[in-house]
Amino acid sequence: MSPSFTVRDCPAELRDAVGLAVDKLRDHGELQTVVAADAAAAAGLERALVCSEYATAVVTRYPDLYVALVTSGRLHRPVAGGEYLAGLPAAELAALTEKEFMRALRRYRHRELLRIVVRDLAGWSDTGTTLAELSQLADACINAGLEYATALVAQRCGLPRDAAGNPNSLLVMAMGKLGGGELNFSSDIDLVFLYQGAGDTDGPRAISHHEFFQRVAQRFIQLLTQRTADGFVYRVDARLRPFGDSGPLVCSIGAFEDYLLQQGRDWERYAWVKARAVNAWPGAAELYSQILRPFVYRRYLDFGVFASLREMKAMIEREERAAENRDNIKLGPGGIREIEFIVQTLQLVRGGTLPELRERSLLTALAALGDAGLMPPATVAELRAAYCYLRDVENRLQFIADRQTHELPSDPLERARLTHAMGCASWDALYAKLNAHRQVVRQDFDRILHHEREGAPAPSAGAARGSWRQLAEQSFADPDTALDKVTTLCSSTLYQRMDEVGRQRLQRLIPALLVECGAQGARGLQALEGMLRIVESIGRRSAYVALLNENQPALARLVRLSASSEFLAKQVAAHPLLLDELLDSRIVQAVPARAEFQADLRQRVDAVAPDDSEQRFEAVRNFQQAAVFRVAVADLNGLLPLMKVSDRLTDIAELVLEEALRLAEYELSARHGQPYCVADGVRRRAGFGIAGYGKLGGLELGYGSDLDIVFLHDSTGTAEQTDGPQPLENPVYFARLARRITHILTMTTPTGPLYEVDTRLRPSGNSGLLVTSLTALDRYQREEAWTWEHQALLRARVVAGDTAVRDGFTALRATALVAYVRRDTLRAEVIKMRRRMRAELVTGGADEFDIKQGAGGLIDLEFLVQYLVLRHAPDCAALLEWTDNIRQLEALAVAGLLDAATAEALADAYRAYRQVMHVRALGGENRLVAAGEFRVERALVAAQWEKFLGAAVS
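Cut-offs used in this document
Residues numbered from 1 in each chain as written. Predicted model: local features only at pLDDT ≥ 70, side-chain atom pairs only at ≥ 80, totals over all residues. Heavy atoms only, no water. Helix = DSSP H or I, 4+ residues; strand = E, 2+ residues; numbered from the N terminus. Buried < 20%, exposed > 50% of the residue type's maximum accessible area, 1.4 Å probe, protein only. Areas by Shrake-Rupley, 256 points an atom, 1.4 Å probe, with all protein chains shown as cover. Lys, Arg positive; Asp, Glu negative; His and termini not counted. Charge placed at Lys NZ, Arg CZ, Asp CG, Glu CD. Phe/Tyr/Trp six-rings, centres within 6.5 Å; stacked < 30°, edge-to-face > 60°. Expected span 1.5 Å × (residues − 1). Salt bridge = Lys/Arg side-chain N within 4 Å of Asp/Glu carboxyl O. Contact = heavy atoms within 4.5 Å. Polar contact = N/O pair within 3.5 Å; in protein donor to acceptor, adjacent residues only side chain to side chain. Pairing = 2+ DSSP bridges. Axes fitted to C-alpha atoms, helices over the stretch in contact; angles between N-to-C directions. 1 Å grid on protein atoms, 1.4 Å probe; cavity = no way out; pocket = protein on both sides within 12 Å on 5 of 7 lines; lining within 4 Å. Points joined across faces, edges and corners; volume = space filled by probe spheres on them. Nonpolar A, V, L, I, M, F, W, Y, C, P; charged D, E, K, R; others polar. Parallel < 35°, antiparallel > 145°, perpendicular 65-115°, else oblique. Left-handed = near helix turned anticlockwise from the far one by under 90°. pLDDT = per-residue confidence, 0-100. Core = buried A, V, L, I, M, F, W, Y, C linked by side-chain atoms within 4.5 Å.

Engineer: Sorry if this is basic, but what is going on with the overall build of the chain here?
Structural biologist: Of regular secondary structure, the chain possesses 42 helices and 15 strands. The principal-axis extents of the C-alpha atoms in the chain amount to approximately 115 × 80 × 60 Å. Looking at the chain as a whole, 54% of its 954 residues qualify as buried. As presented, the chain carries roughly 39700 Å² of accessible surface, and 51% of it is formed by carbon and sulfur atoms. Put simply, the chain has 112 plus and 123 minus side-chain charges, and the middle of one group is 1 Å from the middle of the other.

Engineer: Would you mind showing me how to read the packing of aromatic side chains here?
Structural biologist: In total, this model carries 19 aromatic pairs according to the counting rule given. For the pair Phe185 and Phe399, a centre-to-centre distance of 4.8 Å together with 80° between the ring planes defines the contact as edge-to-face. Within this pair, whereas Phe185 is found in the loop between helix H10 (176-179) and strand E2 (189-195), its partner Phe399 is found in helix H18 (residues 377-399), the two being separated by 214 residues in sequence. Taking 5.1 Å as the distance between ring centres and 55° as the angle between the ring planes, the aromatic pair formed by Phe256 and Trp272 counts as tilted.

Engineer: What am I meant to see in H18 here?
Structural biologist: Owing to its 3.6 residues per turn, the α-helix brings residues three or four apart onto one side. An ideal rise of 1.5 Å per residue puts 33 Å on 23 residues; H18 measures up with 33 Å between its terminal C-alpha atoms. H18 sits mainly inside the fold: 17 of its 23 residues count as buried.

Engineer: Would you mind showing me how to read the pattern of salt bridges here?
Structural biologist: Between side chains of opposite charge, pairing is possible as soon as their charged atoms come close. Counted under the stated rule, the structure contains 53 salt bridges. When the shortest N-O distance is used, the salt bridge between Arg276 and Asp139 registers 2.9 Å. Here Asp139 lies in helix H9 (residues 127-157) and Arg276 lies in strand E5 (residues 276-277), a separation of 137 residues in the sequence. For the pair Arg276 and Asp139, a shared accessibility class is recorded, and that class is buried. Look at the salt bridges and you will find they share partners, linking Arg594, Arg648, Asp651, Glu654, Glu658 and Arg797 into a network.

Engineer: How do you make sense of the side chain of Thr650 when you look at a structure like this?
Structural biologist: For Thr650, the location among the structural elements is in helix H32 (residues 642-672). Among all residues touching Thr650, those that are not within four sequence positions of it are Leu696, Leu699, Glu700, Leu701 and Arg797.

Engineer: What's the story with helix H28 (residues 566-574) in this structure? I'm lost.
Structural biologist: Every buried residue of H28 is listed here: Phe567, Leu568, Ala569, Gln571, Val572 and Ala573. On its buried face, H28 is in contact with helix H25 (524-538), helix H27 (552-564), helix H29 (579-582), helix H31 (613-636) and helix H41 (900-922). At the N-terminal boundary of H28, the capping side chain belongs to Ser565, with an oxygen 3.3 Å from the backbone nitrogen of Phe567.

Engineer: Honestly, the sheet that holds strand E6 (residues 675-679) in this entry has me stumped. Any pointers?
Structural biologist: Two strands in a sheet stick together by hydrogen bonds in their backbones, pointing the same way (parallel) or opposite ways (antiparallel). Pairing in this open sheet of three strands is antiparallel, and the strands run E7-E6-E10 from one edge to the other. With one partner strand each, in any of the chains shown, strand E7 (682-685) and strand E10 (718-722) form the two edges of the open sheet. Averaged over all pairs of adjacent strands, the angle between strand axes in this sheet comes to 20°, irrespective of strand direction. Note: E6 against E10, three bridges, orientation antiparallel. If you follow Pro675 over to E10, its bridge partner there is Thr722.

Engineer: Could you clarify how one ought to interpret the layout of surface pockets in this entry?
Structural biologist: Empty space among the atoms becomes visible once a probe the size of a water molecule is rolled across them. Within this model, the second largest pocket holds a volume of roughly 1600 Å³. Looking at the second largest pocket, it is lined by 45 residues, and the ones nearest its centre are Lys695, Asp708, Met837, Lys852 and Ile859. Of all the secondary structure elements, the ones that give two or more residues to the lining of the second largest pocket are helix H33 (694-697), helix H36 (787-794), helix H38 (826-841), helix H39 (858-872) and H41. No other element matches the six residues that H41 contributes to the lining of the second largest pocket. Classifying every residue of the lining of the second largest pocket gives 16 nonpolar, twelve polar and 17 charged.

Engineer: Looking at this structure, I do not really get unusual backbone geometry. What am I missing?
Structural biologist: Most peptide bonds take the trans form, and the phi angle of most residues other than glycine is negative. Within the chain, Asp680 stands out as a residue other than glycine whose phi angle is a positive 55°. A positive phi is found at Ala719, a non-glycine position, where the angle reads about 50°. With respect to the secondary-structure elements, Ala719 resides in strand E10.

Engineer: Sorry if this is basic, but what is going on with the pairing of strand E1 (residues 171-174) here?
Structural biologist: Remark: a regular strand shows side chains that alternate across the two faces of the sheet. On E1, burial covers both faces: Leu171 and Met173 on one face and Val172 and Ala174 on the other are all buried. Two elements, E1 and E2, share four bridges in a ladder whose sense is antiparallel. Bridging from a neighbouring strand, Met173 pairs with Val192 of E2. Looking at chain direction, E1 and E5 are connected through two bridges and run antiparallel. Looking at the pairing, Ala174 lines up with Arg276 of E5.

Engineer: How should I be thinking about the environment of Gln944 in this particular structure?
Structural biologist: Mapped onto the fold, Gln944 is located in helix H42 (residues 935-949). On the accessibility criterion, Gln944 (10% relative accessible area) is buried. Separated by 46 residues in sequence, Gln944 and Leu898 have C-alpha atoms that sit 9.7 Å apart. Each residue touching Gln944, except ones within four places of it in the same chain, is listed here: Leu864, Leu898, Thr902 and Leu906.

Engineer: Just checking my understanding: could you explain the packing of helix H1 (residues 15-25) against helix H4 (residues 53-61) for this structure?
Structural biologist: A pair of packed helices is characterised by two quantities: the angle between their axes and the separation of those axes. Two elements in contact, H1 and H4, have axes whose closest approach is 9 Å; the angle formed by their N-to-C orientations is 20°. One way to sum up the angle between H1 and H4 is to call them roughly parallel. Considering how the two elements wind past one another, H1 and H4 form a crossing that is left-handed. Contacts between H1 and H4 involve Ala21, Lys24 and Leu25 on the former and, on the latter, Thr56, Val59 and Thr60. Its residues assigned to classes, the contact of H1 with H4 comprises three nonpolar, two polar and one charged.

Engineer: Explanation requested: the side chain of Ser492 in the structure shown.
Structural biologist: For Ser492, the location among the structural elements is in the loop between helix H22 (479-490) and helix H23 (493-497). Here the side chain of Ser492 touches Leu489 through a polar contact of 2.5 Å, landing on its backbone oxygen.

Engineer: Explain empty space enclosed by the protein to me, please; I cannot follow it from the model alone.
Structural biologist: Going through the model one piece at a time under the given rule, you end up with three cavities of 30 Å³ or more. Considered as a void within the structure, the largest cavity measures approximately 70 Å³ in volume. Lining the largest cavity are Tyr693, Val710, Leu761, Arg762, Pro763, Leu777, Tyr780, Gln781, Trp788, Glu789 and Ala792. Among the residues making up the lining of the largest cavity, the classes are represented as eight nonpolar, one polar and two charged.

Engineer: What should I look at first to understand the confidence of the model for the chain in this one?
Structural biologist: Any region with low pLDDT has predicted coordinates that should not be read closely. Averaged over all residues, the pLDDT of the chain is 89; the fraction at 70 or higher stands at 94%. Confidence drops under pLDDT 50 across residues 451-463; counting only partners more than four residues distant or on other chains, this segment forms 16 contacts.

Engineer: Help me understand the environment of Glu211 in this model?
Structural biologist: Counting through the fold element by element, Glu211 comes out in helix H11 (residues 209-225). For Glu211, a relative accessible area of 33% gives the class partly exposed. Between the alpha carbons of Glu211 and Val250 there is a distance of 8.8 Å; along the sequence they are 39 residues apart. Looking at Glu211, its side chain comes within polar contact range of the side chain of Arg215, at 2.6 Å.

Engineer: Which parts of the structure should I look at to understand the nonpolar core?
Structural biologist: The nonpolar side chains of a soluble globular protein tend to be buried, and buried together. Residues Ile652 and Ile741 are the most contacted members of the largest nonpolar core, which totals 98 residues. Leaving out residues up to four positions away in the same chain, Ile652 has contacts with Phe597, Phe623, Gln624, Ala627, Val628, Val631 and Tyr755. Membership of the second largest hydrophobic core comes to 85 residues, among which are Val18, Tyr108, Ala154 and Ile207.

Engineer: Help me understand the packing of H25 against H27, please; the structure alone is not making it clear to me.
Structural biologist: Across the interface, H25 lies against H27 with an axial gap of 7 Å and an inter-helix angle of 115°. For the element pair H25 and H27, the recorded crossing hand is right-handed. The residues of H27 that touch H25, namely those facing Gln526, Ala527, Gly530, Met531 and Ile534, are Leu555, Leu558, Val559, Ser562, Ala563 and Ser564. Class assignment for the residues of the contact of H25 with H27 results in seven nonpolar, four polar and no charged.

Engineer: Quick question: what am I supposed to make of the environment of Ala217 here?
Structural biologist: With respect to the secondary-structure elements, Ala217 resides in helix H11. A relative accessible area of 0% places Ala217 in the buried class. Ignoring any residue separated from it by four or fewer positions in sequence, one finds Ala217 in contact with Leu170, Phe193, Leu249 and Val250.

This is the structure we're talking about:
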């Protein structure tokens, strides 16, 4: 070799070994020429000779491989996965004898590993690129080996075929780091072999499909693992298959699915997080979506997995404590496996409800955990840095001799190689830097997975109940009642039907319930009743019980909510997915906003395939339940004043209506297209909208409020028809659209409908058309509407749909309320309607006051405001700007129709009425209070009623 080629940057203890390698290479003239002409290739080779015995052995034995890397340009650029496959052309490999094939595959592996070593050590590839290229190389070798093995077996036995005559093939599933695309340098490859369909092959020596694929897998493993003069390709580990070593090497898809359903354990779910099809296989996507994803990621929040993962964590900690693992960068304290365990555990627990966590790559999943708010950004950054550093150490440790080791070396020469490879000045400096990263990982491991270590088995029922009595006596003023409620639950059919794991989880939860509920003081029994109702609801899915066991802050938050609100306790009992919300401590600190709700809804719906309408409906239901729950929690914690609570509940309803309209239009448009009409010679798209009346229109929704809605369209003129393959007349299309929206909102589910919907405020009520044109609505308001319908229109606005319909309705409303109201009979009609309502709807006895319907109550105040606005609207258009009572009162004051002090006092009375009704609704109480309550407010409303309407409502 050229005298200019010298290894200048070499630790003293390695000079002799590196010098021998350089001497061996001097006689290879082509290598000498190539390296002399390429300074970067020379520098990369020098560094590889210093840091890697493996690279030294490959270059000195096969110098032509390095020449090929340099002259082809592959050494100086990243290589994509497709290039690795292209480097092993099937047609050329098929022409080789088995011995030639094995030699070609091994030389190819040596060449590409040499390239990866040089690029990594030279700093041309970062950690992620190195891991990805190692994985892509393995994929290419697996595909080449599989195709060659299949051809070998098919020569004698023929091919397995499906019912249509198409050849069946073996599916190779990569597990572990290869599945995640993050393979290390000297790793085994963990593979599982699956196939589809039964039958016999079509050759002269026909065998069953199972036997065929068994032989293919055996030959494939031999092609890769057998040591020859050129070494081996990969060690193959197939022990993650169903039943492990005792199970067949290959498994049919049907048998695999049965195994997961009947035998699959939580540790296997952990293993299958990273599973990936290595070869192109027709049913791979369906296998993942229909079998693997449901097995790995439960549809509900999965804290039940923690019991099994705790065993794995205990095993990890036992291995870490072992003296022999102290310097093991994978198994030791703060090692690679701790980071993997953190990430994959959170994926398993939360991935069922957060699709973005379903990532095979650890680095990608770690970033997703941060984006989802499940891990602080600082923790994500430090775990990423630690992982990359540990993986660099792992690879460069294995670069030394291509050994599958994770032990830091004790040999001085190996220490020198690793120190140099990691760019450290000394072994002590390397060890200190490594330990700093491991300490960070260890702290995060303990903090994130802080759940109890393996403890004693659950106590027997008798022993448990003895301790329950003691806790009840310590925690409750009435311990007998508390204990009776608990023992009733544990004597119920629910308890009898639970499996042993579920019973143990419940027995573990009850002491914590007694303590937490007892700490609520006077509300302790209410808290316990609410919690036991929740437990009874979730008992059949004991993973929810496990959630409360595993997350004490979530349990404490739920107990406090149950103590304060029967409504919230019932919500959680009806919708156990709400337990997910309690995991985030921000629920008791953050004030929810419409934009946040909108983003949440969009994320949930967009995570579902557009053609999966049922799951999209489910996503909307889950959003609505979670959003209302968050508002109620913020309300209960004093973070939202009453009017803001109504604003947020109204926001949620509007978002749900908009999404229901979007989903319904998507379904109908595929078949019928979009509605169009021709008016004044211009063809335009006909619009559709939903008008909200009552509390929805007035931005005053409460918990459990119905939605008073009217469906509208602006189609006019001629050619009123949709433009799809199956066209409909516009009125028919809009009627179907409205029915579909109503179905989405009101469909019966195990947790009840989204909303109760009332469409009787449309023209002519139930006898009228379900959808009304703006033209017909205007005519009805002018010619037929009753005064009470004008009162209703006063609180109406379009809450979803096209802008043109929204603008048209706004203009129509203003015209109707100015020009169509019969003011000569207005006063008499308002009084008449109020008397009728009082007679039919007021509740309570002589010693009680009905806040809503009682004399001087909420409805009297609303009717008073409506009368004044309708009376004076022609003279003051500003009175019609708003649809809610508070701002209508403000407008009356600005117009001089009420003095400012009176308007403010009436607004205060209105807020006071609504506040008490609101609090009582949260507590599960009715709207009746003692007759002496609200005397001042009632007198004020009665006085103003008499002033403006004259006759009191009896």
